[in-house]
Every structure is written in structure tokens, then in C-alpha cells.
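# Coordinates in review
Listed below, chain by chain, are the residues.
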Amino acid sequence: MSSSNDSIANSLDVLPALRASGINKSFGPIAVLHDIDFEVYPGEIHALLGENGAGKSTLVKILAGFEQPTSGSLAFNGAPTVWDSMRDAEENGIVLIHQELNLAGLLSVEENIFLGREIKKGLFVDHTTMRKKSRTLLDQLECRASVTARVDDLSVADQQMIEIAKATSRNANVLFLDEPTAVLTPHETKSLFKLLRRLKSEGVAIVFISHKLDEIEQIADRITVLRDGKHIDTVPAHSVTKDDMARLMVGRDLTEYFPHIPVPDKNADIVLSVQGVATDTGIVDAGFDLRRAEVLGFAGLQGAGRTALMEALIGLDPITTGTIQQNGTTVKFKTPGDAKTARIAYLTKDRKGKGLLLGNDLVHNFSLFALEKFTRFFINRKAEKAAFDAAAKQFDLRAASPKMLAGSLSGGNQQKLLLAKVLEINPDIIILDEPTRGIDVGAKSQIYGFIADLVSQGRSVIVLSSELSEIIGLSSRVAVMHEGRITGVLEGDQITEEEIMRFATGLGASTDAGKNNTTTATTVEEIS
Amino acid sequence: MIINWKAAGPLIALGALLVLGTLINGNFLSTGNMTNILTRSSFIGIIAIGATFVISSGSIDLSVGSMAAFIAGVMIMFMNTLKDLTDLMWLVVLAGVLAGAVLGMFAGWLNGILTTRGKIEAFIVTLGTMGIYRSLVTYLADGGTLSLNSQVRSMYRPVYYGDILGIPFPVIIFAAMAVLGYVVLNHTAYGRHVQSVGANEHVARYSAISTDRVKIIAFMIQGACVAMATIIYVPRLGSASSSTGVLWELEAIAAVIIGGTLLKGGYGRIGGTVAGALILTLIGNILNLTDAISNYLNGAVQGVIIIAAVFLQRGIGKKQK
């Protein structure tokens, strides 16, 4: 990282915008934070790093007045402070953007940005001014959403941008962002970073929580690592590598982040062949082959149609034209039930909205997809519980009790539960959509291990991911989508970030790639 | 521990009302009064068992009261017509009962298909069918009352007034339906699916559950329950009019909610619903036995109980967090 930032942290005459000293926090008998010291300076981007459950979100909530510490003190611009409420903090320019979006879905973009602080002309709301200001804010984020659009009609990424615009419109002194990039594409993340750098140059103190180490490397000036509720270290960002960060987070070396997954033979059976598929959800002409015992990666920008394609394939959305062959036979899945019968399982990327019943217990969630397996006329609860126990062991699901609610599990454990749920039908083809979104490094590498196990059992896996490193680390081939089409299928040493991005943005194969590699990218026409 | 409290809540309320009733009037616990309370609870109780399914699946059915009146009207007209064709009165009654059952399930299917395939909210659909059935029964009765032929009625009478070992027939049916409902909701895949669809329809769909089918069947169960309640109601008075079954939908929903089923869906309790139906009848009964509160305030007391029940449940839910 650039060294211009060091001056901020080092200059003694600048007071920290917010300083926390000796913060302890307990929920009942459970202590989640132990004696934490933390400070953030004006004009600094301070990354907060740690595994799920390390206490990052709790610390941030205390700093922003959402929670009271059990003991310890806060100082705002050098003056001792107690936030009576989040409102009190907000009036002093402390703004927290939560992990979960907090928008009124039926209101327009502009109404959301100014919610509770509407600009008025006399008695009436001044929509013209509000729209104009909203437009400017969104333009800074390079977000093209219309200011009059209903928030529910926008993509999750745009919604996240609106949340950020809303926060920045409040003239923040201290801005907390809790995993803001979880739903953003690399391009959108870049726009966000541009904005954050501008805010930083204006003297805003920024605290940034993320699991993505390369993002932290790009944007952070300093990094504070928490582990098990304890402050592990605070270091200048340029002094550590990603490996150092990961090591500090988990407290051990992470050797072999990605497991070795053998590349299948060129002549391996084709288990799934998709040709010329189009849908009303934006897929124009998609085709690909999936081989036995391989990981086929799917890359693309947000909205390229990866999820839409997979959801159509398993019968969640109708396919208007095109054919699907499974093991050489033409198949048609009208419902997800048909795909399940054909032993195809899909793991949704929307773990909380579409994957798990957050208000139900773990066993109920686990068995829901494979319920027939445990049912003759009545559900055999003993068999169900036994299968859950076996899966919990296999997937290292750490839960206090099988009776606890899925919503109270950490992100990583929720993901393992969801994975156990879809694998319980013993599928032959497994489609994983963002299998590691928003989970910590430790759980991530475990999930990679599970994927390798599936392949070694002769099953075929499709992985959709916005993290290029994940796609590259896991896949033997990578299909890249752009605007509802598969623009290329990359193999071997064609699989590089640059090459994927070229196809993802619709540029096509680079001439460089042609020079360096003997093979050229396989296009859709060639495989179909 | 907390879950136990949730389940026990309606039972504790029921127990408290029983103690209160005993303190007010010594005759309260007499066999006669208890049988009376159970019999009178059975109509709303049976309908509420069906409503537990619909509400657990995240829907609502406002049409049940009108549906009961309409089914009663059609059954009476049907049996009166059949009576002229045959002398076998048991056959007339059997045919009438079957017609009621088929009509009930069809009415439920209609509500279900309009909500799912028609993509109209259940509240709107059943508000519409509620008006349609109420108006149809008024039309069929020509604004007056439809009366069952006395010959048929004397054959049909035991279905309401009869008993086995001193237990009135309606109570036996109520109990049987409750057991059946409990088993289906808690021990079959369908019951699990109902509660999953109610908890989060997206999750259910992504778990390869045919959500439309689950909802339509829930409405059909509701229709069958309404038909069953009507089948034991018709021999009681032997008539149907535009005022038959008025406000039953609200009493049934109230019984379900008092019983601890979540109105937004995802969690249903048949046992609680049975307790809820009994609580509603008990309130009326106790008010009859005492002069302390006017009987005219029955509705007000019921209203307070409903609000209090939900308030307490929400309090418990919060603690759980």
C-alpha cells in the first residue's frame, strides 16, 4: 500500500475520531469481547478482520451506539463519550451500514436515501431537490439505478449502493461498513473503493469489515485483527501479506488453501449437456458440457445470468428454448422436484432468504430437501436425527444443540448446514452458487475440501462465484458468462483473472493468450 | 423450556378458566355443563383445525362461516329433493353428507386455486368467496330459512344428539379430527411442508417442495373441516338461513391464534387450537353463570383474551432472542 497513510496514524497531534479503550461485552454469561482497544483516525481506512464470531460486528455496534459495552469507555474526537442511543451517535456523524440491508422496499430510491430527513418546501416534500441530490450521490458510486425506481425492483448490488449513498448523504464523520462488498461484483467494488478513497481524503474516518483479504490489501491503511473476542494485533496494511492476515485471523498457518482437485480426462463421460438454452429471465443462448468428476467454474459479472441459468436448468424458471441432456438422454425439469429426482442439487447463494428457514431448528432445515428419505407414511424422527448427527459430524457443523434455530448459527455454520441439506439427496450433479459468500477463511477452506471430496467420489460440481481466486483455485474449466450468454469456456493455463475478465466484459479472447498458450478458448459454437 | 411454555400457555389459560368457573358456580363442573361446553365447542373447533393448516401455510380463509351456511343450505335442499325419490331415509342422509363433504372440498380447492394459480392474496380471494357464499345461501333460501324435511331430520338427528358411552357424537368427531390433524401436521411430510411454506415460501420452493400444491391441499383440508362441522350442525336445528355461521371465520381464527399458531405462518399447533376453541366457549359459558359481567359483553371479553394471548406469545418470542 502507499505510505501516505502512515503519516495519519503516526502524527501525534491528530486525535482519533473514535477511540475505544478496554471494551468488554457479555451477553448473559457469554463474553464476546475481552478488553478491546481500538481507534480510528480522520482520513484513515481501518480494516477490521476476523473469522465469523470473532466479535467484529459486536465491536462495531458498540462503537456506533447500537449496543452498550459491559465495561470500557469511548472517546469521540478526544472527548469521553457515552452513546445513549444509535440516534445520539448518528447525530454526531457516526454512521453504520449493516451487513443486512435496511431499506424500505416499496419506496423509491430517492425516498429511501432521504428517509427520515426529507427535504421540505413548506409543508410538502421537495421531490425535485431530493431526486437531484440522490442522482449526484449515485453517480459518485457509478450506480445507474433510477432514483425513482422502487427499491424492491433493483438488484441486491444496487440496493447495497443505495444503502451506501444513504449513509454518505448524512455527512458522516465516522463511517462503519460491515461487509459491504459481499453482494458486489469486482467492478462495483471498485466504484465503492473510489468513493471510500474520496471520503477518506475529505477526512472521514472509515472502519471497513470484510472477509476478502485482497480487498483489505487494496483499501486499508491499517488492519486490526480480532480472534475469539480478543484484540490480536493492529498493523499498517502495507507491512503484512494476505498470508499474514489469514494467519493472524485463524491463529495457524493455512497451508494449501485450495485442495488439489484432479483434472478429469478429456474423454470423461459428459453427465450434463446444455445447448441453446434461453429463458424469460435473460438467458439468451447458453450451452455447456459438464464432465464426470470435474469442477466447472462459472464466472461473470453481476447480472451476467449465471444464477438465472442454473435456476432455469433445475426447473425453478421455465426454459423457452434449448435442450438439456443428462448422461446422453434428453431431460426436461419442470419443477425443482424433477431435478431432485434426477439427482441434481442446487445450493442457492441466498442462504438466508432462500436456503434456510432461519426460525426453525437445525434438524428441520437439514431434512427438508430429502424428507422423503425419512418418511414412509410418518416421518421417522429417529432416522432423521441420526442422519443429522452424521452430517453434522461430516461437515464439522458446530452447533450448541440440534434444537437451536438456524438463524442463530454463524454464517460459516449456516453454509455447512445448507450444504449438508442439499447433499442429503445424494446428488450426482451439484450446483453451488457462491458457496463461500460471507464466511470466514477457516470455513471456506473446509468447504473447498468438501468440494474436492465430492469430485473424488465421482460426482460433478458446478461452482458459481464472484471471487475469481476461488473459481481459478477450484475449477478444471471455467465457463464465463456475459449478458445471458456463455462467451467462452477456458481450460488449463487460459484460466487467469485477466482472461476471465475479458470474456466477462464481452471482449473475447486476448491475443496474448493466443501467443502464450497453444490452445485457444473454446467458444460455445465449438462445444455445441 | 421456552418452547414448553409456549405450548403450555393456552392450557394454563384453559385451566385458569376452569378454576374460575368452579369458583363462580358449583354446577360448572357438572357432567351436563361440561358435555354442553364440549359439544358447543366442536363446530368452531373442527373448523379451527382446518384453519390451523391454512394459517400455518401462511394463508388465511375468511370464507369458512359463509361456506358452512352455503353447504348447509345445499345439503338441506339436496336431501329434501332426494326424499321424494326414495323411501330409504338413511340413504338420503348419507347422500346429503357426502354431497356436503364434496362441496366443502371443492370450495376449498377453489379458494386454493385462486390464491396460487390466480396469484391473488388469500385475504382477497376468501373475502370474495365469503360474500359469494353468504349471498348464495340467502338467494337459495329466498331471504328466509331452508328447513330440512322432518322425516329426514328424525333419521339425521342422532348425528348431533346421539352419543357413545355418554360422549356426544360431535365431541367424538371433534376429538377424532383433532388427533388426525395433529398427526398430519406434526408427523407427516405434508405437515412439515405446510409449516415450511408458511415460514418461507422461497426456501420451500428451493427445497423442491411444490408450494402451490401444499397450499391448495391446506385449503381443501379447511373445506373438508367446514363440511364436517356443517354435517354435525345441520341436524341440530334442521335449518339454514342467511344468518347461519355468521362470524364463525373470526371465531375459528381466534381459536387458532389463542392456541399459539403464528398468524404469519410457519408454526402451527393443533393442541393449542383445540384449547383455543374451548377457551372461547368457556368464556361465554362462565358469563352465563355469573351476573358480574353482562352476557352482552361476551364479545368484548373474547376480544381482550385474543389480544392478551398474542401479546403474551410475542413477549415469550422476544425473550427467546
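Residues numbered from 1 in each chain as written. Chains lettered and ligands numbered in written order. Predicted model: local features only at pLDDT ≥ 70, side-chain atom pairs only at ≥ 80, totals over all residues. Heavy atoms only, no water.

In terms of helices and strands, chain A carries 20 helices and 22 strands. The buried share among the 528 residues of chain A stands at 55%. A fraction of 67% describes how many contacts in chain A between residues 6 or more apart in sequence connect residues 24 or more apart. Distance between charge centroids for chain A: 4 Å, based on 57 positive and 69 negative side chains. (Helix = DSSP H or I, 4+ residues; strand = E, 2+ residues; numbered from the N terminus. Buried < 20%, exposed > 50% of the residue type's maximum accessible area, 1.4 Å probe, protein only. Contact = heavy atoms within 4.5 Å. Lys, Arg positive; Asp, Glu negative; His and termini not counted. Charge placed at Lys NZ, Arg CZ, Asp CG, Glu CD.)

This next bit is on the confidence of the model for chain B. All names here are of chain B. Per-residue confidence for chain B averages 91 on the pLDDT scale, and 95% of its residues sit at or above 70. Considering each helix and strand of chain B separately, the mean pLDDT is smallest for helix H14 (residues 298–320), with a value of 73, and largest for helix H11 (residues 211–237), with 97. Counting contacts from residues 317–321, a segment whose pLDDT is below 50, to residues more than four positions away or on other chains yields three contacts. (pLDDT = per-residue confidence, 0-100.)

It is possible for side chains of opposite charge to pair when their charged atoms get near one another. On inspection of all chains with the given rule, the structure shows 24 salt bridges over all chains. Sharing partners across several salt bridges, the network here consists of Arg19(A), Glu39(A), Glu44(A) and Arg222(A). (Salt bridge = Lys/Arg side-chain N within 4 Å of Asp/Glu carboxyl O.)

Glancing now at the sheet that holds strand E16 (residues 319–326) of chain A. Residue and element names in this part refer to chain A. Pairing within the open sheet is antiparallel, and its four strands lie in the order E14-E13-E16-E17. Every other strand in the sheet has two partners, leaving strand E14 (286–291) and strand E17 (329–331) as the edge strands with one partner each. Averaged over neighbouring strand pairs, the angle between their axes works out to 20° when direction is ignored. Pairing between strand E13 (residues 270–279) and E14: five bridges, direction antiparallel. (Pairing = 2+ DSSP bridges. Axes fitted to C-alpha atoms, helices over the stretch in contact; angles between N-to-C directions.)

Whenever strands of a sheet pair, they do so through backbone hydrogen bonds, lying parallel or antiparallel. Residues and elements named next belong to chain A. The sheet built from six strands is open, its strands ordered E18-E19-E20-E15-E21-E22 with mixed pairing. Each of the sheet's edge strands pairs with one partner strand only, and the pair in question is strand E18 (344–347) and strand E22 (485–491). Strand-to-strand twist in this sheet, taken as the mean axis angle between neighbours without regard to direction, amounts to 20°. Helix H15 (residues 411–423) rests against E18 and strand E19 (429–433) of the sheet, and its axis sits at about 165° to E18. The strands that helix H16 (residues 441–456) touches are strand E15 (295–300), E19 and strand E20 (460–464); relative to E20, the one it contacts most, it runs at about 150°.

All names here are of chain A. When helix H9 (residues 242–250) is considered as a whole, its buried residues turn out to be Met245, Ala246, Met249 and Val250. Here the buried residues of H9 occupy an arc of 115° about the axis, which is enough to place them on one side. Positive backbone phi, approximately 75°, marks glycine 251, located one or two places after H9. (Arc of directions from axis to C-beta.)

Before going further, it helps to examine the pairing of E19(A). Residue and element names in this part refer to chain A. Of all five residues that make up E19, five are buried, and the element is covered over most of its length. Neither face of E19 is exposed, since Ile429, Ile431 and Asp433 on one face and Ile430 and Leu432 on the opposite face are all buried. For E18 and E19, the ladder comprises four bridges, and the chain directions are parallel. Residue pairing across strands places leucine 347 opposite leucine 432, the latter belonging to E19.

Residues and elements named next belong to chain B. Packing of helix H3 (residues 64–83) against H11 leaves a shortest axis separation of 9 Å and a crossing angle of 55°. Taken together, H3 and H11 sit at an angle that is classed as oblique. Note on packing geometry: the crossing formed by H3 with H11 is right-handed. Together, Val64, Met67, Ala68, Ile71, Ala72, Met75, Ile76 and Met79 of H3 and Gln222, Gly223, Val226, Ala227, Thr230, Ile231 and Val234 of H11 make up the contact between the two elements. The residue inventory of the contact of H3 with H11, partitioned by class, reads 12 nonpolar, three polar and no charged. (Parallel < 35°, antiparallel > 145°, perpendicular 65-115°, else oblique. Left-handed = near helix turned anticlockwise from the far one by under 90°. Nonpolar A, V, L, I, M, F, W, Y, C, P; charged D, E, K, R; others polar.)

Between chain B and chain A, the residue contacts involve 18 residues of the former and 26 residues of the latter. Counting each side, the surface lost to burial between chain B and chain A is near 2000 Å², with a carbon and sulfur contribution of 60%. Counting the contacts that link chain B with chain A gives one salt bridge. Here Arg192(B) ties to Glu384(A) by a salt bridge, and the two come within 2.7 Å at their closest N and O atoms. Linking chain B to chain A there are nine residue pairs in polar contact (both at pLDDT 80 or more). Of all the secondary structure elements, the ones that give two or more residues to the side of chain B that touches chain A are helix H8 (169–187), helix H9 (189–199) and helix H10 (201–206) of chain B. Considering only residue class, the side of chain B that touches chain A consists of seven nonpolar, nine polar and two charged. (Buried area = accessible area lost by both parts, 1.4 Å probe. Polar contact = N/O pair within 3.5 Å; in protein donor to acceptor, adjacent residues only side chain to side chain.)

Residues and elements named next belong to chain A. On domain assignment, one finds that chain A holds domain 1 (6–93 + 171–250), domain 2 (104–170), domain 3 (256–343 + 427–528) and domain 4 (350–424). Each of domain 1 and domain 2 has a C-alpha centre, and the two are 26 Å apart. Contact with domain 1, which involves 16 residues of that partner, is made by 12 residues of domain 2. Put simply, domain 1 and domain 2 have two salt bridges between them. Measuring nitrogen to oxygen at the nearest pair gives 3.3 Å for the salt bridge that ties arginine 170 to glutamate 90. Summed over the shared surface of domain 1 and domain 2, the result is six residue pairs in polar contact (both at pLDDT 80 or more). Top contributing element to the side of domain 1 that touches domain 2 by residue count: helix H7 (residues 186–201), with eight residues. Across the side of domain 1 that touches domain 2, the residue classes break down as nine nonpolar, three polar and four charged. (Domains from an automatic or database assignment.)

With that settled, the discussion passes to the nonpolar core. Grouped together as the largest cluster of nonpolar side chains are 84 residues, with contacts concentrated most on Ile46(B), Met79(B), Tyr156(B) and Val234(B). The next biggest cluster of nonpolar side chains, apart from the first, holds 50 residues, and it includes Val204(A), Ile206(A), Ala220(A) and Val235(A). (Core = buried A, V, L, I, M, F, W, Y, C linked by side-chain atoms within 4.5 Å.)

Okay, a negative patch on the surface next. A contiguous patch of negative charge on the surface is contributed by Asp214(A), Glu217(A), Glu497(A) and Glu498(A). Here Glu217(A) lies in helix H8 (residues 213–219). (Patch = residues over 30% accessible without salt bridge, like charges linked within 9 Å, V, L, I, M, F, W, Y side chains within 5 Å. Areas by Shrake-Rupley, 256 points an atom, 1.4 Å probe, with all protein chains shown as cover.)

Here the focus is the pairing of strand E9 (residues 174–178) of chain A. Residue and element names in this part refer to chain A. Buried residues dominate E9, accounting for five of its five residues. With burial as the criterion, each face of E9 is covered, one bearing Val174, Phe176 and Asp178 and the other bearing Leu175 and Leu177. Both strand E6 (residues 94–97) and E9 contribute to a ladder of four bridges, which runs parallel. From the neighbouring strand, leucine 96 faces E9, where its bridge partner is phenylalanine 176. Taking the sense of rotation as the criterion, the β-α-β connection linking E9, H7 and strand E10 (residues 205–209) turns out right-handed. (Right-handed = clockwise from strand over helix to strand, strands pointing away.)

Moving on to the side chain of Glu163(A). All names here are of chain A. When you line up the elements, glutamate 163 lands in helix H6 (residues 156–168). At 4.1 Å, lysine 166 is the nearest oppositely charged side chain to glutamate 163, a buried residue that forms no salt bridge. With residues near it in sequence (within four places) discarded, glutamate 163 still touches Ile97, Leu101, Asn102 and Leu103.

For residues with low pLDDT, the predicted coordinates do not support detailed interpretation. Residue and element names in this part refer to chain A. Averaged over all residues, the pLDDT of chain A is 86; the fraction at 70 or higher stands at 92%. In the model, residues 1–11 has pLDDT below 50 throughout and makes 14 contacts with residues more than four positions away in sequence or in other chains. The low-confidence segment residues 513–528 (pLDDT under 50) makes 22 contacts with residues lying over four places distant or belonging to another chain.

Residue and element names in this part refer to chain B. Among the surface-exposed residues, Leu88, Trp90, Leu91, Leu94, Leu98 and Met155 lie close enough to one another that they form a single nonpolar patch of about 570 Å² accessible area. Examining the composition of the nonpolar patch, we find that four residues originate from one element, helix H4 (residues 89–116), more than from any other. Mapped onto the fold, methionine 155 is located in helix H6 (residues 150–156). Classification of methionine 155 by relative accessible area gives partly exposed; the value is 38%.

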